[in-house]
Amino acid sequence: MLLKQSMDKLHPIILVILFFILMQFVMMGQLIPLWQQLSNVFQAVPYSKSLLFTAFLFVIGEMICALLDQFEYEAIATVVKLSIRITVVSYWLKILQPAFQTLVNLLERFM
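Predicted, not measured: the structure shown is a model, and the values here were computed from it.

Trainee: Mind showing me how you'd approach the overall build of the chain here?
Mentor: When its secondary structure is counted, the chain shows three helices and zero strands. From first element to last, N terminus to C terminus, the chain shows the α and β order α-α-α. Taking 13 Å as the expected radius of gyration for a compact globule of 111 residues, we find that the chain reaches 21 Å, considerably beyond that expectation. Here the chain holds 111 residues, and the buried ones make up 19% of them.

Trainee: Sorry if this is basic, but what is going on with the packing of helix α2 (residues 48–70) against helix α3 (residues 74–110) here?
Mentor: Each pair of packed helices can be summarised by the angle the axes make with each other and by the distance between the axes. Where α2 meets α3, the axes come as close as 8 Å, and the angle between the chain directions of the two elements is 175°. Regarding the angle of α2 to α3, the classification is roughly antiparallel. Contacts between α2 and α3 involve Ser 50, Leu 51, Phe 53, Thr 54, Leu 57, Phe 58, Gly 61, Ile 64, Cys 65, Leu 68 and Asp 69 on the former and, on the latter, Glu 74, Ile 76, Ala 77, Val 80, Lys 81, Ile 84, Arg 85, Thr 87, Val 88, Tyr 91, Trp 92 and Ile 95. Its residues placed into classes, the contact of α2 with α3 shows 15 nonpolar, four polar and four charged.

Trainee: Looking at this structure, how should I read α3?
Mentor: Given 3.6 residues to a turn, an α-helix orients residues that are three or four positions apart in the same direction. With 37 residues, α3 should cover 54 Å at 1.5 Å per step; its first-to-last C-alpha distance of 50 Å lies within 8% of that length. Largest kink in α3: about 50°, centred on Leu 96, with the proline Pro 98 one to four residues after it. Along α3, the positions that sit buried rather than exposed are Ala 77, Val 80, Ile 84, Val 88 and Trp 92. Buried residues along α3 sit against α2.

Trainee: I would appreciate a short explanation of the environment of Leu 31 in the present structure.
Mentor: Its place among the elements puts Leu 31 in helix α1 (residues 2–41). In this structure the C-alpha to C-alpha distance between Leu 31 and Gln 43, which are 12 residues apart in sequence, comes to 18 Å. In this structure Leu 31 touches Val 26, Phe 56 and Val 59, once residues within four positions along its chain are discounted.

Trainee: Would you take a moment to explain the side chain of Ser 48 for this structure?
Mentor: Relative to the helices and strands, Ser 48 is located in helix α2. On the accessibility criterion, Ser 48 (7% relative accessible area) is buried. Within the local environment of Ser 48, its side chain forms a polar contact with the backbone oxygen of Val 45, the two atoms lying 3.2 Å apart. Beyond its immediate stretch of four places on either side in the chain, Ser 48 contacts Phe 42 and Gln 43.

What counts and what doesn't
Residues numbered from 1 in each chain as written. Predicted model: local features only at pLDDT ≥ 70, side-chain atom pairs only at ≥ 80, totals over all residues. Heavy atoms only, no water. Helix = DSSP H or I, 4+ residues; strand = E, 2+ residues; numbered from the N terminus. Rg over C-alpha atoms; globule rule 2.2 N^0.38 Å. Buried < 20%, exposed > 50% of the residue type's maximum accessible area, 1.4 Å probe, protein only. Axes fitted to C-alpha atoms, helices over the stretch in contact; angles between N-to-C directions. Parallel < 35°, antiparallel > 145°, perpendicular 65-115°, else oblique. Contact = heavy atoms within 4.5 Å. Nonpolar A, V, L, I, M, F, W, Y, C, P; charged D, E, K, R; others polar. Expected span 1.5 Å × (residues − 1). Bend = angle between axes of the 7 residues up to and from the residue. Polar contact = N/O pair within 3.5 Å; in protein donor to acceptor, adjacent residues only side chain to side chain.

Structure (structure tokens):
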């Protein structure tokens with residue numbers, strides 16, 4: 001009887017745990033090998049690894065946000081989306097900083 005009464009309250013927690021276990025298996029078995037294979041294929045393309053990393057982050061973020069929306073945690077899903085966007089922007093700013101600096105130096109020469 002105790003187990004039956006507590007299962008309704010523990011159901012979301014159990015589903016979240018199972019989701020993250022399944023997501024770990026999918027990431028380790030499918031997404032990470034795919035990412036490594038694509039990074040080898042597009043090795044000569046500039047910023048290809050960064051684009052793949054960005055896509056990887058957005059896929060993970062969408063999976064987590066879909067889970068949170070299903071359990072009606074829209075506020076936390078919004079925070080997850082915002083944190084992933086901030087992470088992507090800060091990542092790209094670090095990568096593109098030398099290109100921006102070169103552009104600023106060129107503009108300063110011609111002005």
